[in-house]
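# Examination of the molecular architecture
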Amino acid sequence: VFILGDLDSSFLRPEQQNMIARRVRSGAGLLMIGGYHTLGPGGYASAPLGEILPANVGSREIGQITDPFLPLLTPEGVRHPIFANIAGFFPSKAGAPKDAGLPDLDGCTKIEGAKPGATVLAVNPLAADMPVLCVQPVEKGRTAVFCGDTTWKWHQGPRALDQDTPFLRYWGQMVRWLAGRSEAVEAKASVAASTDKGSYDPEEPVKISAIVRDDKGEGAAEAKVIAKVKDPTNHV
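Here's a quick rundown of the structure. (Residues numbered from 1 in each chain as written. Predicted model: local features only at pLDDT ≥ 70, side-chain atom pairs only at ≥ 80, totals over all residues. Heavy atoms only, no water.)

## Describing the overall build of the chain
In terms of helices and strands, the chain carries 4 helices and 12 strands. Across the 236 residues of the chain, 43% fall into the buried class. Put simply, of all contacts in the chain between residues at least 6 apart along the chain, 64% involve residues at least 24 apart. On the chain, roughly 12,800 Å² of surface is accessible, and the fraction owed to carbon and sulfur atoms is 53%. (Helix = DSSP H or I, 4+ residues; strand = E, 2+ residues; numbered from the N terminus. Buried < 20%, exposed > 50% of the residue type's maximum accessible area, 1.4 Å probe, protein only. Contact = heavy atoms within 4.5 Å. Areas by Shrake-Rupley, 256 points an atom, 1.4 Å probe, with all protein chains shown as cover.)

As structure tokens, this is what we get:
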């Protein structure tokens, strides 16, 4: 998954952008985040990467929206894997958030709108429902545009008050969806392990990676994992 933040298109040569676009079409994911030097203000409308984005990003002069807001989920957004188990933190067409207290974002980058093949998952209710999160398939890959800024407030504010926050799950589920793991993510404790190869030679070291999640579905950074490897006769 490629994630481009506040980076002007001039920092990526056309051949680099074409390389990323080819990789996305063959199965990778691409996320572009709002900022003062990205999307339209970053010159991506006429850049190679602009062709595969799910939004018409506009010109360099399109500007920013600086009024604080919370993204409002569309019906598609409420059901989407990116918002699995966290849709209640956000307002939706059905009403106010079920889990109140999430801080507003400071603003977002303007865009002209979503492309015809895109799905709009969230809008800015203070800007004529301008899309702030839209996604689309691009051949075998997926792309997303998130216009919002200052999502760190979703983490620092609630954590300081010992409140639950969707911050880690939002970004984690965003990346997993872009990587092609589109199934719903359950908020439960789990351990997922994998090896670096499918088979090994005798006496060859085995590298095992594990992802541990707590009962909220968030990564458990301090977790310790012990693995036992058994041979075909069930001996450790």
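## Considerations on the sheet that holds strand β2 (residues 29-33)
Taken in spatial order, the 6 strands make up an open sheet running β1-β2-β10-β9-β8-β5, and their pairing is mixed. Each of the sheet's edge strands pairs with one partner strand only, and the pair in question is β1 (2-4) and β5 (72-73). Of the strand pairs in this sheet, strand β8 (residues 119-124) and strand β9 (residues 130-138) are connected by 5 bridges, and their pairing is antiparallel. Considered in β9, the bridge of Val123 is made with Pro131. Packing of helix α1 (residues 14-25) onto the sheet brings it into contact with β1, β2, β9 and β10 (141-146), and relative to β10 it is tilted by some 120°. (Pairing = 2+ DSSP bridges. Axes fitted to C-alpha atoms, helices over the stretch in contact; angles between N-to-C directions.)

## What about the pattern of salt bridges?
Using the criterion set out here, one finds 6 salt bridges in the structure. A salt bridge links Arg13 to Glu15; its shortest N-O distance comes to 3.0 Å. A salt bridge links Asp129 to Lys93; the shortest N-O distance between them is 3.1 Å. One end of the pair, Asp129, is in the loop between β8 and β9; the other, Lys93, is in the loop between α2 (75-79) and β6 (108-109), with 36 residues separating them in the sequence. Judged by its relative accessible area of 34%, Asp129 is partly exposed. Exposure remark for Lys93: the relative accessible area of 52% places this residue in the exposed category. (Salt bridge = Lys/Arg side-chain N within 4 Å of Asp/Glu carboxyl O.)

## Some remarks on α1
Over its 12 residues, α1 runs 16 Å from end to end, which matches the ideal 16 Å to within 8%, given 1.5 Å per residue. All of the buried residues along α1 are Gln17, Ile20, Ala21 and Val24. The arc that holds every buried residue of α1, seen down its axis, measures 100°, which confines them to one face. Buried residues along α1 sit in contact with β1, β2, β9 and β10. Downstream of α1 by one or two residues, Gly27 has phi in the positive range, about 135°. (Expected span 1.5 Å × (residues − 1). Arc of directions from axis to C-beta.)

## Re a nonpolar patch on the surface
Together, Val1, Ile3 and Val175 give the surface a local cluster of nonpolar side chains, amounting to about 220 Å² of exposed area. Looking at the secondary structure, you find Val1 in the segment before β1. (Patch = residues over 30% accessible without salt bridge, like charges linked within 9 Å, V, L, I, M, F, W, Y side chains within 5 Å.)

## A short note on the pairing of β10
Burial analysis of β10 places 6 of its 6 residues in the buried class, which makes it a mostly covered element. Covered by surrounding structure in β10 are Gly141, Thr143 and Val145 together with Arg142, Ala144 and Phe146, the residues of both alternating faces. Of the strand pairs in this sheet, β2 and β10 are connected by 5 bridges, and their pairing is parallel. Paired with Leu30 across the strands is Thr143, a residue of β10.

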